[in-house]
Each structure stands twice: as C-alpha cells, then as structure tokens.
Amino acid sequence: GAVVSQHPSRVICKSGTSVKIECRSLDFQATTMFWYRQFPKQSLMLMATSNEGSKATYEQGVEKDKFLINHASLTLSTLTVTSAHPEDSSFYICSADTGVGEQYFGPGTRLTVT
Amino acid sequence: GDSVTQMEGPVTLSEEAFLTINCTYTATGYPSLFWYVQYPGEGLQLLLKATKADDKGSNKGFEATYRKETTSFHLEKGSVQVSDSAVYFCALSEGGGATNKLIFGTGTLLAVQP
C-alpha cells in the first residue's frame with residue numbers, strides 16, 4: 001500500500017516554543033491531507049483538512065492561529081504548533097487521501113511540552 | 001452529530017479463539033464504514049470497509065457486515081493469531097467515501113496469547 005511518513009516521530013519542547021511536524025506521502029500525490037490528534041485511550045479527533053494550494057479547513061474548536069497548517073506541495077503538509085503549552089502534549093497523526101477513495105495514515109508524532 | 005461507539009478493551013484471547021469487536025454508529029445520512037488496525041509502532045492501516053447497507057467487508061480473515069437496521073458494523077474473525085494483536089478502530093465517513101473526513105471510535109486493544 002501507499003506510504004505516508006511523519007517527522008519527527010517524537011519531540012520534546014519547552015513551553016512557549018513552536019514545533020513543526022511534517023507529513024509526507026512518499027509514493028503518491030495527495031491533494032488532501034488530514035491532521036488528527038489522539039489522546040491516551042481516546043479516539044482520533046480530526047483537527048483540520050489540509051488542501052494543497054489553499055487554506056486548511058479547521059474543525060470546530062481548533063484554533064487556526066495556534067495550529068498552523070501549510071500544504072505547500074502534493075506530497076507535503078506541515079503542522080506547526082505555535083507557542084506550545086503542556087496541554088498541547090499529545091499524539092498527532094496525519095493521513096493522505098489518494099484521491100481514489102482511501103486514506104493512508106502516518107505513524108504519528110508524539111509531542112511533549114515541558 | 002455523527003458518532004461511533006465501539007467496545008472498550010482490552011480484549012484478551014487465546015490463539016485460535018473467535019473474535020468479535022462490537023461497533024455501532026449514529027449518522028444522519030448514509031455513511032461508509034471502516035475498520036482500521038494499528039500495529040505497535042505503526043500507523044493506522046485500512047483493514048476493511050463497506051459502503052452501503054448489507055455490504056460485507058473482508059480482509060485477512062476478518063469480516064464485518066454493514067447492518068443499517070441495527071446501525072452496527074461488528075468486526076469478526078473465526079480464529080485469531082498472535083500476529084493479530086493490535087488496536088482496532090471502527091470509523092465512519094460522513095461523505096460516503098474515505099476521501100471525506102473520518103469519525104473514529106475510541107479503539108479496542110486486542111491481545112492474543114499463544
């Protein structure tokens with residue numbers, strides 16, 4: 001199947017700093033990518049839909065100025081957590097849409113804000 | 001809004017036992033239904049899907065039937081193996097296909113013992 005990578009897999013940052021997470025589709029082009037957040041023992045919560053060449057669409061309750069999404073190319077979307085705080089600590093997962101009815105997921109990024 | 005409810009885990013079984021993981025959904029329209037599996041240290045992978053009522057999705061010995069009358073999509077396997085140990089997520093797609101955003105259940109951890 002198609003491969004989606006995320007970088008980094010783990011990151012620890014200090015409160016108040018910003019962190020960028022990359023999501024890449026390695027062997028296909030993805031017009032649409034999705035960013036999810038997963039808390040321990042909870043389901044994946046969709047944060048935003050990332051569209052190549054246009055602004056991301058954020059879900060209700062997700063601060064667009066805090067979670068900046070850039071989908072600069074058909075194989076790369078980035079999520080930047082700005083001015084991170086401990087409550088932003090979570091597992092962030094991206095997925096990429098193949099355009100033919102399937103999403104492929106990245107392995108996730110564990111963010112810890114101290 | 002639309003939602004997915006799946007049985008809490010962990011589910012612990014012996015090898016060759018029969019598996020059922022319950023999943024029910026609430027939706028205003030006619031969603032597509034999915035089961036995803038997440039093996040340790042890996043991203044979510046699509047296991048099977050069904051796009052309309054009475055469809056049966058199947059893959060790797062797993063199967064699930066889209067039951068509109070009971071709004072259910074229970075996952076079953078006749079004989080589990082140790083290699084099936086993973087977290088299983090039930091999900092629905094509001095737009096009717098995986099290219100649209102997914103709503104996930106909380107996930108069920110399956111542990112298969114030799």
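Not measured: the values here are computed from a predicted model.

Rules used in this analysis
- Residues numbered from 1 in each chain as written.
- Chains lettered and ligands numbered in written order.
- Predicted model: local features only at pLDDT ≥ 70, side-chain atom pairs only at ≥ 80, totals over all residues.
- Heavy atoms only, no water.
- Helix = DSSP H or I, 4+ residues; strand = E, 2+ residues; numbered from the N terminus.
- Rg over C-alpha atoms; globule rule 2.2 N^0.38 Å.
- Buried < 20%, exposed > 50% of the residue type's maximum accessible area, 1.4 Å probe, protein only.
- Contact = heavy atoms within 4.5 Å.
- Areas by Shrake-Rupley, 256 points an atom, 1.4 Å probe, with all protein chains shown as cover.
- Salt bridge = Lys/Arg side-chain N within 4 Å of Asp/Glu carboxyl O.
- Buried area = accessible area lost by both parts, 1.4 Å probe.
- Core = buried A, V, L, I, M, F, W, Y, C linked by side-chain atoms within 4.5 Å.
- Pairing = 2+ DSSP bridges.
- Axes fitted to C-alpha atoms, helices over the stretch in contact; angles between N-to-C directions.
- Phe/Tyr/Trp six-rings, centres within 6.5 Å; stacked < 30°, edge-to-face > 60°.

1. As for the overall build of chain B
Looking only at helices and strands, chain B features zero helices and twelve strands. Listing the helices and strands of chain B from first to last along the sequence gives β-β-β-β-β-β-β-β-β-β-β-β. In terms of overall size, chain B behaves like a compact globule, its C-alpha atoms giving a radius of gyration of 13 Å where 114 residues would be expected to give roughly 13 Å. With respect to the three principal axes, the spread of C-alpha positions in chain B is 40 × 30 × 20 Å. By the burial criterion, 45% of the 114 residues in chain B qualify as buried. Long-range pairs, those at least 24 residues apart, make up 56% of the contacts in chain B with a sequence separation of at least 6. About 5300 Å² of surface is accessible on chain B, with carbon and sulfur atoms providing 48% of the total.

2. Examining the pattern of salt bridges
One pass over the structure, following the stated rule, counts six salt bridges over all chains. A:Asp88 serves as the salt-bridge partner of A:Lys66, at 2.9 Å between the closest nitrogen and oxygen. A residue pair is termed long-range when its members are at least 10 positions apart, and A:Lys66 in the loop between β6 (57–58) and β7 (67–73) and A:Asp88 in the loop between β8 (76–81) and β9 (90–97) qualify at 22 residues. Residue classification places A:Asp88 among the buried residues on the basis of a relative accessible area of 5%. B:Lys77 serves as the salt-bridge partner of B:Asp84, at 2.8 Å between the closest nitrogen and oxygen. Residue B:Lys77 is classed as buried on the basis of its relative accessible area, which comes to 10%.

3. Comments concerning the interface of chain A and chain B
Contacts between the two partners involve 19 residues from chain A, matched on the other side by 16 residues from chain B. For the pairing of chain A and chain B, the buried interface totals around 1400 Å² over both sides, and the portion due to carbon and sulfur atoms is 58%. Of all residues in chain A, A:Leu44, A:Gln103 and A:Phe105 bury the most surface against chain B, accounting for 33% of the area lost on that side. At the junction of chain A and chain B, the tally comes to one salt bridge.

4. Observations concerning the environment of B:Tyr88
Looking at the element boundaries, B:Tyr88 is found in strand β10 (residues 86–93). Along the primary structure B:Tyr88 and B:His74 are separated by 14 residues, whereas in three dimensions their C-alpha atoms are 11 Å apart.

5. Concerning the nonpolar core
If you look at the biggest cluster of nonpolar residues, it comprises 27 residues, and the most contacted ones within it are B:Leu19, B:Trp35, B:Leu47, B:Leu48, B:Phe73, B:Leu75 and B:Tyr88. Of all the elements in the fold, those that place two or more residues in this core are β2 (11–14), β3 (19–21), β4 (23–26), β5 (32–38), β6 (44–50), β8 (62–65), β10 and β12 (108–113) of chain B. In terms of residues, this core owes the most to one element, β10(B), which gives four residues. Membership of the second largest hydrophobic core comes to 23 residues, among which are A:Ile21, A:Phe28, A:Tyr92 and A:Val113.

6. Digging into the sheet that holds strand β7 (residues 56–59) of chain B
Residue and element names in this part refer to chain B. The four strands are arranged β3-β9-β8-β7 in an open sheet whose pairing can be described as antiparallel. Lying at the two open borders of the sheet, with one neighbouring strand each, are β3 and β7. Ignoring which end each strand starts from, the neighbouring axes of this sheet average 15° apart.

7. Section: the sheet that holds strand β1 (residues 4–7) of chain A
All names here are of chain A. If you trace the four strands from one edge of the open sheet to the other, you get β1-β3-β8-β7, paired in antiparallel fashion. Either end of the sheet is taken by a strand with one partner, and the two such strands are β1 and β7. Mean inter-strand twist for the sheet, computed between neighbouring axes without regard to direction, equals 15°. The pairing of β7 with β8 spans five bridges and is antiparallel. If you follow Asn70 over to β8, its bridge partner there is Thr78.

8. Description of the packing of aromatic side chains
How two aromatic rings sit relative to each other is set out by the distance from centre to centre and by the angle between their planes. All names here are of chain B. Under the criterion given, the structure shown has eleven aromatic pairs over all chains. Between Tyr25 and Tyr66, the ring centres sit 6.0 Å apart and the planes meet at 80°, which makes this aromatic pair edge-to-face. Of this pair, Tyr25 sits in strand β4 while Tyr66 sits in the loop between β8 and β9 (75–77), and the two are 41 residues apart along the sequence. With respect to burial, Tyr25 and Tyr66 carry one shared label: buried. Ring plane angle 35° and centroid distance 6.1 Å describe the contact between Phe34 and Tyr36, whose orientation is recorded as tilted. When sorted by exposure, Phe34 lands in the same class as Tyr36, which is buried.

Taken by themselves, the reported measurements are silent on function.
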